[in-house]
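Residues per chain, in single letters:
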Amino acid sequence: GKQIKLKEVEGTLLQPATVDNWSQIQSFEAKPDDLLICTYPKAGTTWIQEIVDMIEQNGDVEKCQRAIIQHRHPFIEWARPPQPSARNAKDCMVSYYHFQRMNHMLPDPGTWEEYFETFINGKVVWGSWFDHVKGWWEMKDRYQILFLFYEDIKRDPKHEIRKVMQFMGKNLDETVLDKIVQETSFEKMKENPMTNRSTVSKSIMDHSISSFMRKGELWGLENHFTVAQNERFDEIYRKKMEGTSINFCMEL
Ligand code: A3P
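Predicted model only: the values in this text are computed from it and were never measured.

Novice: Help me out: how do you make sense of the overall build of the chain in this one?
Specialist: Check the secondary structure of the chain and you find 13 helices and four strands. A globule of 252 residues ought to have a C-alpha radius of gyration of about 18 Å, and the chain, at 18 Å, matches this closely. Across its three principal directions, the C-alpha atoms of the chain cover 50 × 40 × 40 Å. On the chain, roughly 13,400 Å² of surface is accessible, and the fraction owed to carbon and sulfur atoms is 50%.

Right, dumping it as structure tokens:
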């Protein structure tokens, strides 16, 4: 197994490098026209980043090829200087499990059974899915926030991309929108070295264990959960999400 020691800050597990940058992260001040993407890990961060950049560049593919996505949208935790996007808990858990297998900067997830406990208890980097999603959901009407669902983008990408465009105060032609839909499809982004993380060193991400762009699918198409685990998950979900009105549509 990997020897990764996570650190806890205010009850949330983080990677040591993030903790080193903590004071800088806390003193970050957004400028009025900054756009922050606030996704839970594996909720489709890269996807929405590419969509936002494609809109920003008016659908110009070459401009979006200028650098890898991590440089076009720097992570705040890397402290080079809100738009939350949510993906349902079960798919995040499956995706995060495989990501921890292939990412050498993250702890070994252990067996699926072990990971189940780790995930529901929020003992993963960046903390609990439940806290993240509930927190942003409660915040969304108080600030200028566009709350997006991975499942909705999957179901009707053009409709959701148009919402992002309007949120960004842009007005692009239908043909440009159609192009952005095509260019940000799973198939295209999986082949695109600027978005698929293939340029990351093998000592950090090992795509032969599991690729970064793995399946990009909705719940039900993968069979990780046993019937008993699924029932237990639903029970925990009901308790933890009690009182919130958020609703994930899990079907295409
Ligand atoms: P899977 O592991 O289920 O395939 P993040 O960018 O937050 O780390 O999220 C990664 C997840 O988003 C992966 O999920 C990846 O395949 C999926 N993803 C990335 N781009 C996508 C796209 N264009 N369409 C659908 N899913 C996408």
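Novice: Would you take a moment to explain the state of the cysteines for this structure?
Specialist: What the rule picks out here adds up to zero disulfides. Not part of a disulfide, C38 finds its nearest cysteine sulfur in C92, a span of 15 Å. The thiol of C249 is unpaired, and the distance to the nearest cysteine sulfur, on C92, comes to 16 Å. Overall, the relative accessible area of 39% leaves C249 in the partly exposed class.

Novice: Please explain the layout of surface pockets as it appears in this structure.
Specialist: Left-over empty space is what a probe sized like a water molecule reveals as it rolls over the atoms. Considered as a void within the structure, the second largest pocket measures approximately 210 Å³ in volume. In terms of lining residues, the second largest pocket is bounded by 13 residues, among which D234, Y237, N247, F248 and M250 are the most central. Among the elements of the structure, α6 (89-102) and α13 (227-240) are those that each provide at least two residues to the lining of the second largest pocket. Broken down by element, the lining of the second largest pocket gets its largest block of residues, four residues, from α13.

Novice: Would you mind showing me how to read the site of the ligand here?
Specialist: T45, T46, S95, K215 and G216 are the nearest of the 18 residues found near the ligand. In this structure, R87 approaches the ligand through a side-chain N or O atom, which is 3.1 Å from an oxygen atom. Separating an oxygen atom of the ligand from a side-chain N or O atom of S95 is a distance of 2.7 Å. For the ligand, the protein covers 97% of the area, taking 570 Å² as the surface of the free molecule. Among the secondary structure elements, those contributing two or more residues to the shell around the ligand are α3 (45-56) and α12 (186-191). Element by element, the count of residues in the shell around the ligand is highest for α3, at three residues.

Definitions and limits used
- Residues numbered from 1 in each chain as written.
- Predicted model: local features only at pLDDT ≥ 70, side-chain atom pairs only at ≥ 80, totals over all residues.
- Heavy atoms only, no water.
- Helix = DSSP H or I, 4+ residues; strand = E, 2+ residues; numbered from the N terminus.
- Rg over C-alpha atoms; globule rule 2.2 N^0.38 Å.
- Areas by Shrake-Rupley, 256 points an atom, 1.4 Å probe, with all protein chains shown as cover.
- Disulfide = S-S within 2.5 Å.
- Buried < 20%, exposed > 50% of the residue type's maximum accessible area, 1.4 Å probe, protein only.
- 1 Å grid on protein atoms, 1.4 Å probe; cavity = no way out; pocket = protein on both sides within 12 Å on 5 of 7 lines; lining within 4 Å.
- Points joined across faces, edges and corners; volume = space filled by probe spheres on them.
- Near = heavy atom within 4 Å.
- Polar contact = N/O pair within 3.5 Å; in protein donor to acceptor, adjacent residues only side chain to side chain.

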